[in-house]
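# Residue-level structural notes
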Amino acid sequence: MHPLQQTLKDLEPAYANFFAKRADVPRFKKKGRSRNSFRYPDPKQVKLDQANSRLSPPKLGWLRYRKSGDVLGTVKNITVSQSGDKGSVSIQTEREA
């Protein structure tokens with residue numbers, strides 16, 4: 001449910017910018033021309049198992065990922081994207097300086 005709500009949150013400022021004459025009308029992306037992605041803004045929904053390099057978003061089950069580095073700090077949101085046959089996961093964190 002959260003990825004759908006996040007999409008609506010992204011759409012609201014797009015229309016606000018359009019009606020304030022700062023941007024063109026928001027358009028639907030053509031299939032295959034844009035990167036398919038969705039975001040989980042609530043980190044409590046996603047289970048992260050760094051020891052085995054896998055994560056579990058709701059309704060997708062456990063997914064393996066190639067770890068390019070340790071996840072440091074607290075997880076803020078997770079973006080799952082697909083381009084072609086490959087998929088990728090971006091994990092945004094927050095940590096103290």
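See the structure printed just above.
Computed from a prediction, not measured in an experiment: that's the story for all the values here.

### Brief notes about the sheet that holds strand β5 (residues 74-83)
What links the strands of a sheet is backbone hydrogen bonding, and the strands pair in either a parallel or an antiparallel sense. Across the sheet, three strands lie side by side as β1-β5-β6; this open sheet has antiparallel pairing. A strand with exactly one partner marks an edge of an open sheet, and here the two such strands are β1 (36-40) and β6 (86-94). Averaged over all pairs of adjacent strands, the angle between strand axes in this sheet comes to 15 degrees, irrespective of strand direction. Pairing analysis gives nine bridges linking β5 to β6, with the strands arranged antiparallel. In the strand pairing of β6, S81 is matched with S88.

### So, the environment of V46
As for its placement among the helices and strands, V46 is situated in the loop between β1 and β2 (47-49). On the accessibility criterion, V46 (9% relative accessible area) is buried. In the structure, V46 is positioned 30 residues away from K76 in sequence and 11 Å away in space, judged by C-alpha atoms. Setting aside chain neighbours within four positions, we find V46 in contact with Y40, L55, S56, P57, P58 and I78.

### Notes on the pattern of salt bridges
All chains considered together, the criterion is met by three salt bridges. Put simply, K76 and E94 hold a salt bridge, and the shortest N to O gap is 3.1 Å. Of the two residues, K76 sits in strand β5 while E94 sits in strand β6, which places them 18 residues apart along the sequence.

### Points about the layout of surface pockets
Volume-wise, the second largest pocket comes out at about 420 Å³. Surrounding the second largest pocket, 19 residues form its lining, Y65, R66, S88, V89 and S90 being those nearest its centre. Among the secondary structure elements, those contributing two or more residues to the lining of the second largest pocket are β4 (63-64), β5 and β6. The dominant element in the lining of the second largest pocket, judged by the number of residues it contributes, is β6, at six residues. Across the lining of the second largest pocket, the residue classes tally to eight nonpolar, seven polar and four charged.

Reading the values: the criteria
Residues numbered from 1 in each chain as written. Predicted model: local features only at pLDDT ≥ 70, side-chain atom pairs only at ≥ 80, totals over all residues. Heavy atoms only, no water. Pairing = 2+ DSSP bridges. Helix = DSSP H or I, 4+ residues; strand = E, 2+ residues; numbered from the N terminus. Axes fitted to C-alpha atoms, helices over the stretch in contact; angles between N-to-C directions. Buried < 20%, exposed > 50% of the residue type's maximum accessible area, 1.4 Å probe, protein only. Contact = heavy atoms within 4.5 Å. Salt bridge = Lys/Arg side-chain N within 4 Å of Asp/Glu carboxyl O. 1 Å grid on protein atoms, 1.4 Å probe; cavity = no way out; pocket = protein on both sides within 12 Å on 5 of 7 lines; lining within 4 Å. Points joined across faces, edges and corners; volume = space filled by probe spheres on them. Nonpolar A, V, L, I, M, F, W, Y, C, P; charged D, E, K, R; others polar.

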